[in-house]
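# Per-entry structural report
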Amino acid sequence: MGTYRLHAAADRLLDALLDARAVELELLDGLSDTQMLGERAHFLEPPIWEMGHVGWFQELWLSRHLDGEATLLPGSDGIYDSFNVSYRQRWDHRYPSRKQTAEYISKVLRRSVDRLESRTPTAEDAYFYTLAAQHEDMHAENLILILQSLGYARPHWSRFDPAATSPPVVSDYQLRDVAVPGGTFLLGASPDEPFVFDNEKWAHPVVVAPFSIASTPVTNADFQAFVDDGGYRRRELWDRRGWDWRRREQAEHPVFWARGDDGRWYERSFDAMATLRHGIRSCTSTGTRRTRTAAGLAGACQPRPSGRSQRPSSRRPAASGVSPGATTHRRPPARTWTSAPAGPSTCARCPRATAPPAAGK
Ligand SMILES: [Fe+2]
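Residues numbered from 1 in each chain as written. Predicted model: local features only at pLDDT ≥ 70, side-chain atom pairs only at ≥ 80, totals over all residues.

### A few points about the confidence of the model for the protein
With 75% of its residues at a pLDDT of at least 70, the protein reaches an overall mean of 79. Residue range residues 283-346 is modelled with pLDDT below 50. Its contacts to residues more than four positions away, or to other chains, number 158 contacts. (pLDDT = per-residue confidence, 0-100. Contact = placed C-beta atoms within 7 Å.)

As structure tokens, this is what we get:
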């Protein structure tokens, strides 16, 4: 039984690693060489960098860190080390060719797979394989953001489940805010969890003031009502940081929205414009006392009914300078999966390595 469990654990680690790579490559497939470099923009790394970086990260922690192996690509630290090389340089590197980059990350993956197939994974192995796979998954998310932001063609997603974006709805659901009384809650991971990110260490009590928050994510219909009501020009509907963001970005509506000559709203999805789909959920909430902590506490992506919103259009946009409808707004969400601060010179998506929880650090 014990051997079986260990094999199953190894299989799960390999599945995660291989799945992450398959998604990554599929997202890159079809991009021209020019598109692989992209455009210089804040947090929109060149896809060619993304491609090499995920391999570099995997190699760093699996073969270089765990086994003390040398890198397969001398000089790679000077390009792909997101902690020590400014992202501002990412359009200036002398990159290996696309073919060379693909070969590099494939060799790294092959070595990672061979390594795991040749032994029983330790807790440390499990930690760093999970770290590498999840890191690559995060960069897949970032690649999607890049493709969307730069208006590239919709990638082919063979592993995409359309049902995942259309959760069951409750047709008679009544939109409402819910009041959260506030109190103290435990933020972060506890040391007994098998895998944690560095910025989740460790659980500590946080006091949250009472607030209210929408019980469901905002739909395009909800948000269109706000836009049509002049919400972007009504100072009284914004908090200070949100208003500063709106003025700085000169935002008048979600960045991928455009009003057609026929007066209807359209939305760009990758390189195609289409009529705004009202039932689509923006993965965020508006709330009268929303805080980042509160959003994490209450959750922001619950299923909600589609259809015409009854929500008042004068709802205050999200606080903290994060625009409502974060998936569609002018400023790409810098960190969609963590709230830890990131310096501007580093990759905001890269988790710093941390010792496995089992090591007690
Ligand atoms: Fe990264």
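### Considerations on the pairing of strand β3 (residues 204-208)
Here β3 lies mainly on the outside; zero of its five residues are buried. As defined by bridge partners, strand β2 (residues 183-187) adjoins β3 across five bridges and the pair is classed as antiparallel. From the neighbouring strand, F185 faces β3, where its bridge partner is V206. (Buried ≥ 20, exposed ≤ 12 C-beta atoms within 10 Å, placed from the backbone. Helix = DSSP H or I, 4+ residues; strand = E, 2+ residues; numbered from the N terminus. Pairing = 2+ DSSP bridges.)

### With respect to the nonpolar core
The nonpolar side chains of a soluble globular protein tend to be buried, and buried together. Of all hydrophobic cores here, the largest spans 34 residues; its most connected members are L17, L27, I105, F128, Y129 and A132. Elements that contribute at least two residues to this core include exactly α1 (2-28), α3 (47-67), α4 (77-80), α5 (98-117) and α6 (123-149). Per-element tally for this core: the top contributor is α6, with eleven residues. Setting aside chain neighbours within four positions, we find Y129 in contact with L13, L17, L62 and L116. By size, the runner-up hydrophobic cluster in this structure holds seven residues, among which are I213, V218, A225 and F226. (Core = buried A, V, L, I, M, F, W, Y, C linked by C-beta atoms within 7 Å.)

### Some details on unusual backbone geometry
Omega for the peptide link from K201 to W202 comes to -15 degrees, which places this bond in the cis form. Structurally, the position occupied by W202 is in the loop between β2 and β3. Phi at Q250 takes a positive value of approximately 50 degrees, unusual for a residue other than glycine. Structurally, Q250 can be placed in the loop between α8 (240-249) and β6 (257-259). Look at F270: it is not a glycine, yet its phi comes out positive at around 55 degrees. Position of F270 relative to the elements: it lies in the loop between β7 (265-269) and β8 (272-275).

### A look at the sheet that holds β7
Spatial strand order, β6-β7-β8: three strands in an open sheet with antiparallel pairing. Looking along the sheet, the strands with just one partner apiece sit at the ends: β6 and β8. Going across the sheet, the axis of each strand differs from the next one's by a mean of 35 degrees, ignoring polarity. In the sheet, β6 pairs with β7 via three bridges, with the strands oriented antiparallel. Looking across to β7, one finds that R259 is bridged to W265. (Axes fitted to C-alpha atoms, helices over the stretch in contact; angles between N-to-C directions.)

### A few points about the environment of F270
Take F270: there are 15 C-beta atoms within 10 Å of it, and that puts it in the partly exposed class. Excluding residues that lie within four positions of it along the chain, F270 makes contacts with L147, Q148, G151, Y152, A153 and R154.

### Concerning α3
Over its 21 residues, α3 extends 29 Å from the first C-alpha to the last, a length consistent with the 30 Å expected when each residue adds 1.5 Å. If you look at α3, its biggest bend is around 35 degrees, right at L60. A large share of α3 lies buried, amounting to 15 of its 21 residues. At the C-terminal side of α3, G68 shows a positive phi close to 70 degrees. (Expected span 1.5 Å × (residues − 1). Bend = angle between axes of the 7 residues up to and from the residue.)

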